[in-house]
Amino acid sequence: MTNARLIAQIVQALTRYERGELAASEVERAVSLHFPALERVGTRERNEAGHLAARLIDADLSDPTVEVNGQLLTFEGEELVADVLRDFRVFLAQLPS
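For the structure given in this document, a descriptive report is provided here. (Residues numbered from 1 in each chain as written. Predicted model: local features only at pLDDT ≥ 70, side-chain atom pairs only at ≥ 80, totals over all residues. Heavy atoms only, no water.)

What follows is about the overall build of the protein. When you go through the protein residue by residue, the secondary structure sums to 4 helices and 2 strands. Walking the protein from its N terminus toward its C terminus, one meets helices and strands in the order α-α-α-β-β-α. Looking at the protein as a whole, 32% of its 97 residues qualify as buried. Contacts in the protein between residues at least 24 apart in sequence constitute 64% of all its contacts with a sequence separation of at least 6. Carbon together with sulfur atoms contributes 49% to the accessible area of the protein, which is approximately 6100 Å² in total. (Helix = DSSP H or I, 4+ residues; strand = E, 2+ residues; numbered from the N terminus. Buried < 20%, exposed > 50% of the residue type's maximum accessible area, 1.4 Å probe, protein only. Contact = heavy atoms within 4.5 Å. Areas by Shrake-Rupley, 256 points an atom, 1.4 Å probe, with all protein chains shown as cover.)

Right, here's the structure in full:
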């Protein structure tokens, strides 16, 4: 499978997670399944992919946004899922296709 196809599969997993079709752990599984097959990708990129998958799980579990009196509040120091997804997509777009 080509790099472009493998990267597209990971992006698809991120999109399905956003739609509520996959759990964060399933995205991590997709990354661990497809990422090792990528060509021209070094150890730094492999480590970064694992780090991003772990960040997604942490952000998903901590969900720092809560509703109080009809207002959404975010706890300081907690990472938002949307931020991790953005970082993941930027990272994937920089990989050789």
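What follows is about the packing of helix α1 (residues 3-18) against helix α2 (residues 24-34). Running from N to C, α1 and α2 point in directions that differ by 180 degrees, and their axes come no closer than 9 Å. It follows from the interaxial angle that α1 and α2 lie roughly antiparallel. In this structure, α1 uses Leu6, Gln9, Ile10, Ala13, Leu14 and Tyr17 to contact α2, whose residues at the interface are Ala24, Val27, Ala30, Val31 and His34. (Axes fitted to C-alpha atoms, helices over the stretch in contact; angles between N-to-C directions. Parallel < 35°, antiparallel > 145°, perpendicular 65-115°, else oblique.)

What follows deals with unusual backbone geometry. With a phi close to 60 degrees, Arg40 is a non-glycine residue in the positive phi region. Within the secondary structure, Arg40 sits in the loop between α2 and α3 (43-62). Taking the relative accessible area as the measure of exposure, Arg40 reaches 59% and is therefore exposed.

Take the nonpolar core next. Counting 26 residues, the largest nonpolar core has Phe35, Leu56, Phe88, Phe91, Leu92 and Leu95 as the members making the most contacts within it. For Phe35, the residues in contact, after removing those within four places along its chain, are Ile10, Ala30, Val41, Glu45, Arg46, Ala49, Phe91, Leu92 and Leu95. (Core = buried A, V, L, I, M, F, W, Y, C linked by side-chain atoms within 4.5 Å.)

Looking now at the environment of Gly50. With respect to the secondary-structure elements, Gly50 resides in helix α3. A relative accessible area of 37% means that Gly50 is categorised as partly exposed. Between the alpha carbons of Gly50 and Val31 there is a distance of 7.6 Å; along the sequence they are 19 residues apart.

Before going further, it helps to spend a moment on the side chain of Asn3. Inspection of the secondary structure puts Asn3 in helix α1. Polar contacts involving the side chain of Asn3 include one to the main-chain carbonyl oxygen of Pro96, which spans 2.8 Å. Discounting residues that sit within four places of it in the chain, Asn3 has contacts with Ala37, Leu38, Glu39, Arg40, Pro96 and Ser97. (Polar contact = N/O pair within 3.5 Å; in protein donor to acceptor, adjacent residues only side chain to side chain.)

With that out of the way, let us pick up the environment of Ile7. Structurally, Ile7 is set in helix α1. Considered as a pair, Ile7 and Ala93 are 86 residues apart in the sequence and their alpha carbons are 8.4 Å apart. Filtering out sequence-adjacent residues up to four positions away, Ile7 remains in contact with Leu38, Leu92, Leu95 and Pro96.

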